[in-house]
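As a plain string of letters, each chain reads:
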Amino acid sequence: DVKVTQSSRYLVKRTGEKVFLECVQDMDHENMFWYRQDPGLGLRLIYFSYDVKMKEKGDIPEGYSVSREKKERFSLILESASTNQTSMYLCASSLYDRGAFFGQGTRLTVV
Amino acid sequence: EDQVTQSPEALRLQEGESSSLNCSYTVSGLRGLFWYRQDPGKGPEFLFTLYSAGEEKEKERLKATLTKKESFLHITAPKPEDSATYLCAVRMYSGGGADGLTFGKGTHLIIQP
């Protein structure tokens with residue numbers, strides 16, 4: 001079974017902090033994604049990566065950056081956390097055009 | 001603008017009462033349509049991929065179908081454990097490498113015993 005593991009289930013951070021969300025997949029997938037999920041807005045794509053050191057902006061990249069130094073690991077960085085970044089963050093990976101597999105999610109609260 | 005619309009937003013059924021969920025899409029080139037199940041507080045769980053009109057996939061009480069403009073998720077004789085939010089997503093051609101999935105807002109399904 002594909003396993004996508006996010007480093008934390010719950011995080012509480014202060015406004016202005018730099019926040020790192022880590023994601024690791026164990027299936028040698030080329031593609032990795034970061035989404036956020038908010039009530040009434042659904043899942044929205046923040047960034048994705050189709051290869052090591054490659055990244056593409058999604059629909060809502062502002063205030064975020066990403067890093068993919070190794071194939072199995074994709075990190076989401078909030079440069080200066082703000083309260084409007086309080087959300088559920090979901091990491092996913094996929095092989096080419098096949099279905100994406102998601103992690104369990106990180107619920108981030110910025111106070 | 002490309003978009004994915006799911007209906008209904010919420011559906012309450014009695015155990016054993018079959019029904020269908022709809023996902024309509026307006027994309028310029030479809031590379032795949034995906035169905036997911038999501039339980040509260042958890043990440044989406046992958047169910048099906050459909051690539052071309054006329055294709056069907058089945059898993060237990062669920063059957064997904066695809067036309068050129070929409071997909072249906074048919075639920076036959078559902079049980080309470082089928083209660084969840086069902087999400088539809090599409091991946092479209094954009095001329096580049098991998099692209100992220102565009103999700104609908106989901107159908108919240110409740111199956112009452």
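Remember, it's a predicted structure, so these values are computed and weren't measured experimentally.

Caption draft 1: Inspection of the pairing of strand 3 (residues 19-25) of chain A at higher detail. All names here are of chain A. Here strand 3 shows one buried face, formed by Val19, Leu21, Cys23 and Gln25, and one open face, formed by Phe20, Glu22 and Val24. Pairing analysis gives three bridges linking strand 1 (residues 4-6) to strand 3, with the strands arranged antiparallel. Note that in strand 3 the partner of Val4 across the bridge is Gln25. As paired strands, strand 3 and strand 8 (residues 73-78) are joined by six bridges and run antiparallel to one another. Within strand 8, the position partnered with Glu22 by the bridge is Ser75.

Caption draft 2: Structural context of the interface of chain B and chain A. Each partner contributes residues to the interface: chain B has 19 residues there, and chain A has 23 residues. Around 1600 Å² of area is buried between chain B and chain A when both sides are counted, 54% of it from carbon and sulfur atoms. Applying the counting rule to chain B against chain A returns zero salt bridges. For the pair chain B and chain A, the number of links is six residue pairs in polar contact (both at pLDDT 80 or more). Those elements that provide at least two residues to the side of chain B that touches chain A are strand 4 (30-38), strand 5 (45-50) and strand 9 (84-92) of chain B. Here the side of chain B that touches chain A takes four residues from strand 4 of chain B, the largest share from any one element. Here the residues of the side of chain B that touches chain A are counted per class, giving nine nonpolar, five polar and five charged.

Conventions adopted
- Residues numbered from 1 in each chain as written.
- Chains lettered and ligands numbered in written order.
- Predicted model: local features only at pLDDT ≥ 70, side-chain atom pairs only at ≥ 80, totals over all residues.
- Heavy atoms only, no water.
- Buried < 20%, exposed > 50% of the residue type's maximum accessible area, 1.4 Å probe, protein only.
- Helix = DSSP H or I, 4+ residues; strand = E, 2+ residues; numbered from the N terminus.
- Pairing = 2+ DSSP bridges.
- Contact = heavy atoms within 4.5 Å.
- Buried area = accessible area lost by both parts, 1.4 Å probe.
- Salt bridge = Lys/Arg side-chain N within 4 Å of Asp/Glu carboxyl O.
- Polar contact = N/O pair within 3.5 Å; in protein donor to acceptor, adjacent residues only side chain to side chain.
- Nonpolar A, V, L, I, M, F, W, Y, C, P; charged D, E, K, R; others polar.

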